[in-house]
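Overview (structure and organization)
Residue strings, one per chain:
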Amino acid sequence: QVQLVESGGGLVQAGGSLRLSCEASGRTFSSRSMGWFRQAPGKEREFVASRSWTGSTLYEESVKGRFTISRNNARNTVYLQMNSLKPEDTAVYYCSASKPNAFGLITQSRTYDYWGQGTQVTVSS
């Protein structure tokens, strides 16, 4: 079992920046793909960014060039640096982890077996 704890959300003005962190429990972090998803009110959860255990990185089209996902395997932590934030980025952001050495589309939520509790990001105009 993996526990994921997100932090770093908050309220920011449009154009501002936030960095989300997600710390995972356990010893197999480096062999797990890690993803960030978000869910806005009244909308379905959507993919934001992912970093696989093999080193692949993918972003949702609307965040390319603004968001950066990174991971520190020594600290069991994945980050999401969010710059040039827009009001439409407002959502609850969830961190996710796959099983060790799992293969699957890292943009799909079904690839991930573990989820954090979510952290609210609110961007004011």
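Our structure's up above, just so we're on the same page.
The structure contained in this document is the topic of the report that follows. (Residues numbered from 1 in each chain as written. Predicted model: local features only at pLDDT ≥ 70, side-chain atom pairs only at ≥ 80, totals over all residues. Heavy atoms only, no water.)

**Looking at the pairing of strand β9 (residues 91-97)**
Among the seven residues that make up β9, six are buried, leaving the element largely enclosed by the rest of the structure. With six bridges joining them, strand β4 (residues 34-39) and β9 adopt antiparallel strand pairing. When the sheet's bridge partners are listed, Gln39 is paired in β9 with Val92. As defined by bridge partners, β9 adjoins strand β11 (residues 119-124) across three bridges and the pair is classed as antiparallel. From the neighbouring strand, Val92 faces β11, where its bridge partner is Gln120. Strand direction decides the pairing type here: β9 and strand β10 (residues 114-115), joined by two bridges, are antiparallel. Bridging from a neighbouring strand, Ala97 pairs with Tyr114 of β10. (Buried < 20%, exposed > 50% of the residue type's maximum accessible area, 1.4 Å probe, protein only. Helix = DSSP H or I, 4+ residues; strand = E, 2+ residues; numbered from the N terminus. Pairing = 2+ DSSP bridges.)

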